[in-house]
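As a plain string of letters, each chain reads:
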Amino acid sequence: MSYGEHIGFDSFMAFLSVSLIVLAAVLFFLYKKRIVQPEESTVDVAPITKLCACPYSLMDADAATDGFNQRRIIGKGRLGTVYAALLPSGELVAVKRIHPRLVLSNAGFGFSSTLKWLSLAHHPNLVSILGFSEAPGERIILMEFVGGTMSLDYFLNDQDSDKATLLDWGQRLKIAAGVARGVEYLHEVVAPPIVHGCIKPSNVLIDVKRCARVCDYGLSFLFPFDRRGLEGYVDDEYWVERRGASKECDVYGLGVILLELLSGKRNGDGNLLVSWALPLIREMKFCELLDSRLVTPSDVKPLVRLAKVASACVGNSRKNRPSIVEVAAILNNVEMGLSSSAT
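Just so we're clear, the structure is a prediction, and the values are computed from it rather than from any experiment.

Trainee: Before we go on, may I ask you to explain the sheet that holds strand β5 (residues 129–135) in this structure?
Mentor: Picture the strands of a sheet paired through backbone hydrogen bonds; they go either parallel or antiparallel. Within the open sheet, the 6 strands sit side by side as β1-β5-β6-β4-β3-β2. Their pairing is mixed. The outermost strands of the open sheet, each flanked by one partner alone, are β1 (54–55) and β2 (73–76). In this sheet, β5 lies alongside β1 in parallel orientation, the contact comprising 2 bridges. Of the residues in β5, the one forming a bridge with Cys54 is Gly131.

Trainee: Help me out: how do you make sense of the nonpolar core in this one?
Mentor: By size, the foremost hydrophobic cluster in this structure holds 80 residues, and its most contacted members are Leu152 and Leu258. Counting only domains with at least three residues in this core, you end up with domain 1 (54–144) and domain 2 (150–338). Apart from the residues lying within four places of it in its own chain, the contact partners of Leu258 are Ala176, Leu306, Val309, Ala310 and Leu331. Among the nonpolar cores identified, the runner-up in size contains 10 residues, and Ala64, Phe68, Val93 and Leu142 belong to it.

Trainee: Explanation requested: the pairing of strand β3 (residues 80–86) in the structure shown.
Mentor: The buried fraction of β3 is high, at 6 of 7 residues. With 3 bridges connecting them, β2 and β3 associate as antiparallel partners. Residue Lys76 lies in a different strand from β3, and its bridge partner there is Thr81. The turn joining β2 and β3, which pair antiparallel and follow one another in sequence, is formed by 3 residues. Taking the residues that link successive antiparallel strands as the turn, the β3-strand β4 (residues 92–98) hairpin has 5 residues, and the phi of Gly90 there is positive, at about 95°.

What counts, and at which threshold
- Residues numbered from 1 in each chain as written.
- Predicted model: local features only at pLDDT ≥ 70, side-chain atom pairs only at ≥ 80, totals over all residues.
- Heavy atoms only, no water.
- Pairing = 2+ DSSP bridges.
- Helix = DSSP H or I, 4+ residues; strand = E, 2+ residues; numbered from the N terminus.
- Core = buried A, V, L, I, M, F, W, Y, C linked by side-chain atoms within 4.5 Å.
- Buried < 20%, exposed > 50% of the residue type's maximum accessible area, 1.4 Å probe, protein only.
- Domains from an automatic or database assignment.
- Contact = heavy atoms within 4.5 Å.

Shown next, in the form of structure tokens:
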């Protein structure tokens, strides 16, 4: 073979090698695409989306409440006044108009961004936040309207001897578990977690099915160290160490609610209910603890478990307090036990 023929042969073999490599790469790519493509096209993975609060103008809120008409008022609290409101779409909502003093003390705070974050919480035991409005001197929150509701505080303390609306033991255990599930969702599912900041009976609505619906979560930034309405439902660390709201503090507030459900008494300033109830629980004097308006059930084990959970929530420091996951697990178990025994 001549020198020129040798070069031509080598060139041909090099070209052939490169062509085979390219062909192999193309075939491999097509093979992988054939394997992967059907898997990608047949699996319908819908993105997980949650509705975010919508901004409303002050004129919208004004029109929906008939100019914040007093006849539309359905509640008042430390945050502000709540109105029944009708949107142009025909949807009935609850409109909370924040007290002017709280608006002024939080001027410049990221109200809209905070409300959008809080509105990501959607759970059967929560009252959803639907929208908001802000203007100079005004802060307004639009919430889900829960029809036919009163607060847990009303059912426990504001009805005197009205037996028709008195919550029985089964309903109280159901409510306890419902509040725990709502708080657990805020702490463990929402990202970043939401600390309620003021777990108390007036922030728990009871709907027509006697289901607990926690409201006003995450709004403690409006009044971080205002004692009005907080005393009795936050732990000592909140005030003494100025540590403010926390998950552990929410668990304390839930413990107080459990004590109120058991005793039918309100915890006032100075934690009088806690001081009275803890020794009774430790000494197993449950007959003295339980609400005298109700007949003591033949099986008191569920109530004893509820009392022990309450004691763990309010009788320990933040460091030694049970988590909401532990509390919710026990209360769910108690509720399920009642359901199974009823059937």
